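Now for the letters of each chain:
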Amino acid sequence: MDRKTNYALPFGLLVFHLAISGSIWWTGSNAFFASDAPGAPLIALGRLAGLLLASAILVQVVLIGRTVWLERTFGLDKLARVHHILGYSISALLVAHPGLIILGYGRLNGIGFAEQFLSIVGNSGHLLQAFLAFLVLLGLILIATPPVRRRLPYELWYFTHLLVYVAIALAFTHQLAGGDLAGRTWVLAYWYSLYVLVFGELVLFRLIRPVFLFYRHRFRVEEVRRETHDTVSIRISGRNLENFRFKPGQFSIFRFLAPGFWWQAHPFSLSRPFDGKNLRITVKGVGDYTRALPNVRPGTSVILDGPWGIFTPNRTEAPKLLLIAGGVGITPIRSAAEEFARAGREAVLLYANKTKEDIIFREELAELESKGPLKVHHVLSADDSWPGEKGRLDGERIKRLVPDVPDRAVFLCGPPPMMKAIRRTLMDLGVPAGRIFYEKFAL
Ligand SMILES: Cc1cc2nc3c(=O)[nH]c(=O)nc-3n(C[C@H](O)[C@H](O)[C@H](O)COP(=O)(O)OP(=O)(O)OC[C@H]3O[C@@H](n4cnc5c(N)ncnc54)[C@H](O)[C@@H]3O)c2cc1C
């Protein structure tokens, strides 16, 4: 039986909040529907869009807030994906809220859209602030669209994203002063509590928790070791680690406190199960940061934000496993393979690379294979001298190497195009989607 996930609490809380917001809106705005005044229903609908917009932004904060209980249910990668999708949907509410209100009041006052807009923004401080928040949010949504996002370095994109907190602060007074909230004690109490809870969690899990873990465990680099021409392993130790838990397949967000590194934090999976003393990550140089990481010196302090992730062997109790890795995607798979071998669970590993020089952990995998119920097949796509499997990891090859593939649970990690193609192939081969577990190296 596969690991059960508990969706009731997060969805229950969301439904609860939507019900409360709905009643706040209806009790505050239903008079507009009874009114004969021109534009009144538009104003009521604009207010509803405003409440939904504020709620959606709070949900966005929760989704990226590293809330532990939520992460254990969905995994950080899925939360990040929902965050991206919801980000785009918010644009409709962002336009609808001011658009409907200005249209509505314009009709009520018998003036045009532009004149109404200028009179609203010009006559009230909180509405001017709201307009600035609108511009910031609109800018961020534009920056997040794939054509723009692709052209921006990750760090620039990340730091501009922090402006969202400025927008939230700007819009907060507007929310309290206007529409359905102003002057209603219990409604204001609910709204304040909501913000305290959401931002309290954000500060607790994103800031306080990593700092607390650092002071408790004093993580530091023990060793930096070259694995292949473009990958290094970094071994990190700490103190008081007896009760520190890190499951195979999980990752953490690492901040190395060294010149040139301290201001960035990047996610990496453990490439070996945590043994109670050492954490090992293995990093492929793909960009400025990861290419410089081999220069980190032993003794460097490290702040860990994690462990995170649900790409863990306990996701399934299936007796037979298929592990598929491409390139550096081997890191969580390597940890999981050792865990499966330790538990005596039968596994086949298909590991795709271009050439034999790209294979990470060749000896370690051979050693694991010699000890446990694990069979390793290396599949190389650009190495004519390779005596083993040559070519792409396609359906025909998977079926030939693993004839009982439909009976297995699959763990998959590799470059995104490979993962997409292999997931489709596996489903064509009869593996149910719910039995394919995968980790995307993108948040
Ligand atoms: C859950 C997870 C586990 C990972 N495990 C490993 C691993 O074990 N070994 C390994 O080599 N790589 C791993 N990665 C990928 C690794 O985090 C990126 O390759 C690295 O952050 C790239 O940084 P860069 O500045 O060198 O490259 P860039 O060229 O700046 O970035 C390449 C891409 O990496 C992503 N990225 C960059 N910076 C960050 C960041 N701070 N946070 C999140 N994503 C970022 C972006 O999608 C970006 O487009 C993992 C990623 C995730 C999400």
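Within every chain, residues take consecutive numbers counted from 1 along the sequence as written. It should be noted that, the model being predicted, local features are given only for residues of pLDDT at least 70 and side-chain atom pairs only at 80 or more, the latter also being counted only at that level, while totals for whole chains, interfaces and linings use all residues. In computing side-chain properties, one takes all heavy atoms of the structure into account and sets aside hydrogens as well as water.

> Just to check I follow, could you spell out the pairing of strand 7 (residues 320-326) for this structure?
Throughout this description, buried means an accessible area under 20% of the type-specific maximum (1.4 Å probe, protein chains only), exposed means over 50%, and partly exposed covers the range between. Secondary structure follows DSSP: runs of H or I at least 4 residues long count as helices, runs of E at least 2 residues long count as strands, and numbering of each begins at the N terminus. Most of strand 7 sits out of view: six of its seven residues are buried. A pair of strands is treated as paired once DSSP finds two or more bridges between them. Sheet topology places strand 7 next to strand 8 (residues 346-353); seven bridges connect them, and they run parallel. Across the sheet, G326 pairs through a bridge with A352, a residue of strand 8.

> Explain the pairing of strand 11 (residues 409-413) here, please?
Put simply, side chains in a regular strand alternate between the two faces of the sheet. Most of strand 11 sits inside the fold, with five of its five residues counted as buried. When strand 11 meets strand 12 (residues 436-438), the two strands line up parallel, connected through three bridges. Bridge pairing in strand 12 links V410 to I436.

> How should I be thinking about helix 4 (residues 76-109) in this particular structure?
Since one α-helical turn is 3.6 residues long, residues separated by three or four positions face the same way. Helix length check: helix 4 (34 residues) gives 48 Å between terminal C-alpha atoms against 50 Å at 1.5 Å per residue, within 8%. Bend at a given residue is defined as the angle between two axes, one fitted to the seven residues that end at that position and one fitted to the seven that begin there. Of all the bends in helix 4, the greatest measures close to 25° and is centred on Y88. Backbone geometry just downstream of helix 4 places G110 in the positive-phi region, at approximately 65°. One less than the number of residues in a helix, times 1.5 Å, gives the span that helix is expected to have.

> Mind showing me how you'd approach the pattern of salt bridges here?
Between side chains of opposite charge, pairing is possible as soon as their charged atoms come close. When a carboxyl oxygen of Asp or Glu is within 4 Å of a side-chain nitrogen of Lys or Arg, the pair counts as a salt bridge. Under the definition given, this model contains 21 salt bridges. D180 is the partner of R47 in a salt bridge, and the nearest nitrogen-oxygen pair spans 3.0 Å. Pair noted here: R47 is in helix 2 (residues 40-63) and D180 is in the loop between helix 9 (163-177) and helix 10 (185-217), with a separation of 133 residues, a long-range link. For R47, a relative accessible area of 16% puts it in the buried group. The buried category is assigned to D180, whose relative accessible area is 4%. The residue R235 makes a salt bridge to E223 at a minimum N-O spacing of 3.1 Å.

No statement about biological role is implied by the geometric values presented.
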